[in-house]
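Next come the chains, spelled out residue by residue.
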Amino acid sequence: MTELKVEAITKSYGKSKVLDEVSLDVHSGEFLVVMGPSGCGKTTLLLVLLGVLKPESGHVCLDGKDIDSLSIEERNFGYVPQDYGLFPHMTVFDNISFGLRVRNVPSSKVVEKVHKLLNLVDLQGLETRSPAELSGGQRQRVALARALAVEPVVLLLDEPMSNVDEATKADVRVKLKETTKRAGVTTICVLHDPFDATALGDRIAIMHAGRIIQIGTLESLLEKPKDEIVTRLLACFLQRSGEQRAPSD
Amino acid sequence: MICFREISELLGIKDRFAFALDALAGLLILFMIVSLFYLYVAVGARWSLVAEALFSERVIAALVVSVSSSTLVGFLAVAAVIPTAYVLTYRDFKVKSLLETLLIEFPQTFPPATVGLVYLLMLGPGSPINLAYTYWAVIIAKFYVSAPFAMSFTLRRFREIHRSGLDTIAKSLGARARHILLWILLPLSSKDLVAGFSLTWARAMGEVAATLIFAGAIPWKTEIFPAVVYLTSTESPQVALATSVIAALLSIGALLSFKWIAREKR
């Protein structure tokens, strides 16, 4: 398990500053949710961590080591984008085994590992299907299994709930949290829905206009919100939470 | 316009604007196919002439040179544009836009006769490597004029895949350039490679000016189909006409086949 430290990352697109001295400490094995409204810089932060975007200033450290100079391939960060990014021309098996085949893992071990992962994400029997034949929740789990196959040091999830229908959201949330905990991987998950954020995250980082405003557990955030934005986002959560409970009450 | 209104009223057309669009589209379609259609009208009942031309040694030779060189150019173009499209997709450098213009748009607008002349001076008699009036001259001239079609299709598709982020995901899983190219880009571009090949092939079949100047028109060696049409159009117009019919049939047949292959790959 790995500890990730983000130190004063700044990133701009032209004149617009998308990340403004963002700092974060993610504990080993933790599920950290980065939450904020659309356009606040959440995805940009993930892309900087992944190594796709180079920040103007700041550092990303893994277990105390600076990894700024490492390429995407060298970082070994698992990444699940918003649309899950499954390779459309490959079966579920080929998608999950991609990283293993790239690493020249012997085929018997590839088969063994893929089946283990299919069990982990509860997709046994679907290995010959193409991504087009899967539901949103199933695609998400294939993408998760594919990212976990290479035993990443950090897992980055970008809005993993966005393509899951409301009817299956609760199950998908439970499965997602369970899978990452069982894999024991340090996870950073970007979300804009406060309800998903509180259900999934060990801690929640509230992000607004390119800055991390406050980090803490749900309880600590509710107890001592730092400013009006945090209060507003949490109020939104409480409202949604109430709406979710209402039908069953 | 009065005439148009009357016609549309006569036909009971309610949406005159939509009807106008149909009419304008019809005009363009008519313009594009009328010459092809006229070719068959001009041949009329003289189909025996077509058969006669087809079996003449000169036409058979031109057919062999044209089809073989165009097919070779198609394959060479696809093979050559794959690494180039990869570099233009993934490498950033200052003159990239200029280079793309020189590789794709410029060869399509540069007069083919000038292309032939340039190659004749560069690789002709008097230069260290003399390829003028050889089969390779046919290949080089056709390649310059027609490879941009394969380049354009392949580059566009590689960029689409790059924008989709699939290559970033592959990289996050440890993939290197060879995996990205062989496992992601090429399988997802197969349809576009077939389309690029077919248009390159078709353009190479129609190319004449650059080839005539650089390679000449030596039967069984460098004389291609359009050259036969050009050279026989004054001395024996009926042979030229017959050759044109064969060329048109061949091109339409091949293009439809390529389209069918591309659709099957979808």
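Residues numbered from 1 in each chain as written. Chains lettered and ligands numbered in written order. Predicted model: local features only at pLDDT ≥ 70, side-chain atom pairs only at ≥ 80, totals over all residues.

Novice: Please clarify how the overall build of chain A should be interpreted in this entry.
Specialist: What chain A contains, in helices and strands, is nine helices and ten strands. By sequence separation, contacts in chain A at least 24 residues apart represent 70% of the contacts at least 6 residues apart. (Helix = DSSP H or I, 4+ residues; strand = E, 2+ residues; numbered from the N terminus. Contact = placed C-beta atoms within 7 Å.)

Novice: How do you make sense of the environment of A235 of chain A when you look at a structure like this?
Specialist: Along the chain, A235 of chain A turns up in helix 9 (residues 228–245). For the pair A235 of chain A and I215 of chain A, spaced 20 residues apart in sequence, the C-alpha to C-alpha distance is 16 Å.

Novice: What should I look at first to understand the interface of chain A and chain B in this one?
Specialist: In many reports, interface size means the accessible area that the parts give up when they come together. Each side of the interface is counted separately: chain A has 16 residues, and chain B has 15 residues. Elements with a contribution of two residues or more to the side of chain A that touches chain B: helix 2 (72–75), strand 6 (77–80) and helix 3 (92–102) of chain A. Its residues assigned to classes, the side of chain A that touches chain B comprises ten nonpolar, four polar and two charged. (Nonpolar A, V, L, I, M, F, W, Y, C, P; charged D, E, K, R; others polar.)

Novice: Would you take a moment to explain the sheet that holds strand 5 (residues 65–66) of chain A for this structure?
Specialist: Two orientations exist for strands paired in a sheet by backbone hydrogen bonds: parallel and antiparallel. All names here are of chain A. One open sheet accounts for four strands, arranged 2-1-4-5; its pairing is antiparallel. The strands lining the two open edges of the sheet, one partner per strand, are strand 2 (16–26) and strand 5. In this structure, strand 4 (residues 57–62) lies alongside strand 5, joined through two bridges in antiparallel fashion. In the strand pairing of strand 5, L62 is matched with K65. On top of the sheet, helix 1 (residues 42–50) reaches strand 1 (4–13), strand 2 and strand 4; it is set at about 65° to strand 2, its chief contact. (Pairing = 2+ DSSP bridges. Axes fitted to C-alpha atoms, helices over the stretch in contact; angles between N-to-C directions.)

Novice: How should the environment of G216 of chain B be read in this particular structure?
Specialist: All names here are of chain B. Take G216: it is sitting in the loop between helix 10 (209–215) and helix 11 (225–235). Accessibility expressed as a C-beta count within 10 Å gives 18 for G216, which makes it partly exposed. Separated by 83 residues in the primary sequence, G216 and Y133 have C-alpha atoms spaced 5.4 Å apart. Filtering out sequence-adjacent residues up to four positions away, G216 remains in contact with Y133 and T222. (Buried ≥ 20, exposed ≤ 12 C-beta atoms within 10 Å, placed from the backbone.)

Novice: I'm lost on the pairing of strand 7 (residues 154–158) of chain A in this one. Help?
Specialist: Consecutive side chains along a regular strand alternate between the two faces of the sheet. Residue and element names in this part refer to chain A. By the criterion of burial, strand 7 is predominantly enclosed, with five of the five residues buried. Neither face of strand 7 is exposed, since V154, L156 and D158 on one face and L155 and L157 on the opposite face are all buried. When strand 7 meets strand 8 (residues 186–191), the two strands line up parallel, connected through five bridges. If you follow L156 over to strand 8, its bridge partner there is I188. Following the chain from strand 7 across helix 6 (residues 166–183) to the adjacent parallel strand 8, one finds a crossover that is right-handed. (Right-handed = clockwise from strand over helix to strand, strands pointing away.)

Novice: Sorry, what's going on with the domain arrangement of chain B here?
Specialist: All names here are of chain B. Domain assignment breaks chain B into domain 1 (1–43) and domain 2 (47–265). A straight line from the C-alpha centre of domain 1 to that of domain 2 covers 34 Å. Domain 1 puts five residues into the contact, and the matching count from domain 2 is six residues. Split by residue class, the side of domain 1 that touches domain 2 holds five nonpolar, no polar and no charged. (Domains from an automatic or database assignment.)

Novice: I would appreciate a short explanation of helix 3 of chain A in the present structure.
Specialist: Because each turn of an α-helix spans 3.6 residues, side chains separated by three or four positions end up pointing in the same direction. In terms of burial, helix 3 of chain A is a largely internal element, eight of the eleven residues being buried. Among the residues of helix 3 of chain A, those classed as buried are V92, N95, I96, S97, F98, G99, L100 and V102 of chain A. Buried positions along helix 3 of chain A lie against helix 4 (107–120) and helix 5 (136–149) of chain A together with helix 8 (166–172) and helix 9 (177–206) of chain B. Positive backbone phi, approximately 60°, marks N104 of chain A, located one or two places after helix 3 of chain A.

Novice: What should I look at first to understand the nonpolar core in this one?
Specialist: Buried together is how nonpolar side chains tend to be arranged in soluble globular proteins. Of all hydrophobic cores here, the largest spans 134 residues; its most connected members are V33, M35, L156 and A205 of chain A together with A141 of chain B. If one sorts the elements of this core by residue count, helix 7 (residues 135–164) of chain B sits on top with 15 residues. Once residues lying within four places of it in the same chain are set aside, the contact partners of L156 of chain A are L46, L49, L50, F77, G78, Y79 and I188 of chain A. (Core = buried A, V, L, I, M, F, W, Y, C linked by C-beta atoms within 7 Å.)

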